[in-house]
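# Summary of structural features
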Amino acid sequence: MLLRPPSRCWRACVALLLTLIAAAGCRDEVAPPVLEAPRVITAPVVGVDLEERIEVTGELQAALRTTTSAKVGGEITQVVVGEGSPVDKGAVVLEIDPHRRRLELDAARAHVAQMEASLAQQRRQTQRTRSLQDKGLTSASQLEESVLQLQLASSRLEAARAQNEIAMQALDDATVRAPFAGYIGQRFVNIGEYVQVGNPLMEFVSLDPIEVVFHVSEVDSAVVRLGQQVDVRVAPFPSESFVAEVDVIYPTMDAQSRTLRVEATLPNPTGRLRPGLFARADLGIAIRKGVPMVPDEAVLQRADGAILYRLLAEQRVERLQVETGSFHAGLVEIRSGVTPGDIVVTRGHMDLVDGALVQVVEGETRPVDIAAETGVLE
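Residues numbered from 1 in each chain as written. Predicted model: local features only at pLDDT ≥ 70, side-chain atom pairs only at ≥ 80, totals over all residues. Heavy atoms only, no water.

### Brief notes about the overall build of the protein chain
Within the protein chain, the regular secondary structure consists of three helices and 21 strands. Considering the protein chain as a whole, with its 378 residues, one finds that 36% of them fall into the buried category. Counting every atom, the protein chain has about 23,000 Å² of accessible surface; 53% of that belongs to carbon and sulfur. (Helix = DSSP H or I, 4+ residues; strand = E, 2+ residues; numbered from the N terminus. Buried < 20%, exposed > 50% of the residue type's maximum accessible area, 1.4 Å probe, protein only. Areas by Shrake-Rupley, 256 points an atom, 1.4 Å probe, with all protein chains shown as cover.)

### Description of the pattern of salt bridges
Taken as a whole and assessed by the stated rule, the structure comprises 15 salt bridges. With its nearest N and O atoms 3.0 Å apart, the salt bridge here joins Arg65 to Glu203. Taken together, the residues Arg65 in strand 2 (residues 46-69) and Glu203 in strand 9 (residues 200-217) connect sequence positions 138 residues apart. Of the charged contacts, one joins Arg310 and Glu318 as a salt bridge, the two residues approaching to 2.7 Å between their closest N and O atoms. Judged by its relative accessible area of 17%, Arg310 is buried. (Salt bridge = Lys/Arg side-chain N within 4 Å of Asp/Glu carboxyl O.)

### Details of helix 2 (residues 98-134)
Helix length check: helix 2 (37 residues) gives 54 Å between terminal C-alpha atoms against 54 Å at 1.5 Å per residue, within 8%. Listed as buried for helix 2 are Pro98, Arg101, Leu105, Ala108, Val112, Met115, Leu119, Gln122, Thr126 and Thr129. Buried residues in helix 2 make contact with strand 3 (74-79), strand 5 (92-96) and helix 3 (140-173). In the segment just after helix 2, Gly136 is the residue with positive phi, at about 80 degrees. (Expected span 1.5 Å × (residues − 1). Contact = heavy atoms within 4.5 Å.)

### What to know about the layout of surface pockets
For the largest pocket, the calculated volume is near 180 Å³. Every residue along the wall of the largest pocket is listed here: Thr68, Ser69, Ala70, Lys71, Asp172, Asp173, Thr175, Val176, Arg177 and Leu201. (1 Å grid on protein atoms, 1.4 Å probe; cavity = no way out; pocket = protein on both sides within 12 Å on 5 of 7 lines; lining within 4 Å. Points joined across faces, edges and corners; volume = space filled by probe spheres on them.)

### Quick look at the packing of aromatic side chains
Applying the stated rule across the entire model yields one aromatic pair. Their ring planes at 70 degrees and their centres at 6.2 Å tell us that Phe237 and Phe242 sit as a pair that is edge-to-face. In this pair, the class of Phe237 matches that of Phe242, namely buried. (Phe/Tyr/Trp six-rings, centres within 6.5 Å; stacked < 30°, edge-to-face > 60°.)

### Quick notes on helix 3
The end-to-end C-alpha distance of helix 3 is 50 Å, a good match for the 50 Å that 34 residues give at a rise of 1.5 Å each. Those residues of helix 3 not exposed but buried are Leu143, Ser146, Ala153, Leu157, Ala160, Asn164, Ala167, Ala170 and Asp173. Tucked into the core, helix 3 has its buried residues touching helix 2 and strand 6 (175-177).

### Quick look at the pairing of strand 2
In terms of strand pairing, strand 2 meets strand 13 (residues 278-295) through twelve bridges, oriented antiparallel. Across the sheet, Gly47 pairs through a bridge with Pro292, a residue of strand 13. As paired strands, strand 2 and strand 9 are joined by eleven bridges and run antiparallel to one another. The residue of strand 9 that forms the bridge with Ser69 is Pro200. (Pairing = 2+ DSSP bridges.)

### Here's the deal with the packing of helix 2 against helix 3
For the pair helix 2 and helix 3, interaxial distance at closest approach is 8 Å and the crossing angle is 165 degrees. The pairing of helix 2 with helix 3 is recorded here as roughly antiparallel in orientation. Crossing geometry of helix 2 relative to helix 3 is assigned as left-handed. Counted by class, the contact of helix 2 with helix 3 contains 17 nonpolar, 13 polar and nine charged residues. (Axes fitted to C-alpha atoms, helices over the stretch in contact; angles between N-to-C directions. Parallel < 35°, antiparallel > 145°, perpendicular 65-115°, else oblique. Left-handed = near helix turned anticlockwise from the far one by under 90°. Nonpolar A, V, L, I, M, F, W, Y, C, P; charged D, E, K, R; others polar.)

### Description of the sheet that holds strand 6
If you trace the four strands from one edge of the open sheet to the other, you get 6-5-3-8, paired in antiparallel fashion. Each edge of the open sheet is held by one strand with a lone partner, namely strand 6 and strand 8 (194-195). Pairing geometry for strand 3 and strand 8, over two bridges, is antiparallel. By the bridge assignment, Gly74 is partnered in strand 8 with Val195.

### Considerations on unusual backbone geometry
Look at the link from Asp208 to Pro209: it is a cis peptide, with omega at 0 degrees. Within the secondary structure layout, Pro209 lies in strand 9. Positive phi is not limited to glycine here, since Gln315 has a value of about 60 degrees. Relative to the helices and strands, Gln315 is located in the loop between strand 15 (305-311) and strand 16 (317-322).

### Some words on the pairing of strand 17 (residues 324-328)
Each regular strand displays side chains that alternate between the two surfaces of the sheet. In the sheet, strand 17 pairs with strand 18 (residues 331-334) via three bridges, with the strands oriented antiparallel. Bridging from a neighbouring strand, Phe327 pairs with Val332 of strand 18. Once strand 17 ends, the chain turns through two residues before running back antiparallel as strand 18, passing Ala329 with a positive phi of about 50 degrees.

### Focus: the confidence of the model for the protein chain
Residues with a pLDDT of 70 or more make up 86% of the protein chain, whose mean pLDDT is 84. Between residues 370-378, whose pLDDT stays under 50, and residues either more than four places distant or in other chains, the model counts 18 contacts. (pLDDT = per-residue confidence, 0-100.)

### Comments concerning the nonpolar core
The tendency in soluble globular proteins is for nonpolar side chains to be buried as a group. Formed by 24 residues in total, the largest nonpolar core has its most connected members in Val212, Phe214, Val216 and Leu273. Those elements giving two or more residues to this core turn out to be strand 2, strand 9, strand 10 (229-234), strand 11 (242-249), strand 12 (259-266) and strand 13. Core analysis: the second largest hydrophobic core is formed by 20 residues, Ala70, Val72, Ala174 and Leu201 among them. (Core = buried A, V, L, I, M, F, W, Y, C linked by side-chain atoms within 4.5 Å.)

### Side note on the environment of Ile334
Looking at the secondary structure, you find Ile334 in strand 18. Judged by its relative accessible area of 1%, Ile334 falls in the buried class. Residues Ile334 and Pro292, spaced 42 residues apart in sequence, show a C-alpha to C-alpha distance of 5.7 Å. Dropping the residues within four chain positions of it, Ile334 is found in contact with Pro292, Val294, Val299, Leu308, Val322, Glu323 and Thr324.

Set out below in structure tokens:
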């Protein structure tokens, strides 16, 4: 039998098969791809002198505000002034059955007179007994009994006098007077009502002067001082500014809000300003030197708050949770965690993690554009 040479098609198939076998044998020898470190752009943390106008919100409050309560029980027999009326200090505003208290005082005075007479009689009796005892006409025990009765009569007189003082005080308490000059606020009783000791009667409010109460942040707390002038504005008089003077600075910061409570006194002779009004207080301008600031694009907002990435040695980054402060011209204040001179990542940091190795793009470090690094930002 004669063998025919392989056809051209068959030779092509054999060559393809050999190529696939060779490729399959070399598959395990292919090197894995090399992961490249993320490319980032950085910027330095700079220290800037900030010039800031400190404005805070607060509330107007009455400097004096109190609610009087009944010191005696009884029926309300007279209401002299109504709600919203002005009153002078010591003015009579309400009476709680003073007629009954006068009768009780008369009875107490009569009892005092009775006890005084009884004491005088017992004193004379004791003197006679002592005289008889000196002459031997009575026993020592009778004298002792007489002296004891004299002491009891003296004690009863003291008790009667104390009761008389109580009746006098009750008569005085039956007439309710204004504790200070101001206005009647809410009235809690009406004529004919019977009140017990301790029941609220009337609210008194003083409007001149009035107080402005506000809170300043921890970073601005050093700016406030006693005697400082504060410009105050309220919504009912938007075109007017009122000048108050700081007279109370609380000694401690509020642990939750990290703010400091401040009170300022504001003259209010016309009574136009009323407690409860929302107020804006201008504390003036403060200069803070060397405030650490970074480009605002360096700060990322995450579920746990604001973060940024600081560049460490060996081209690794550190994730920092920070508290931001003032914003100005594309810069944001970082209140803790960084200092001027540190390097932070401004771009390419969206997917970074703490400790990640990065590649700083050469020649693309973003400069901080401020007029002068040591100047004052207004």
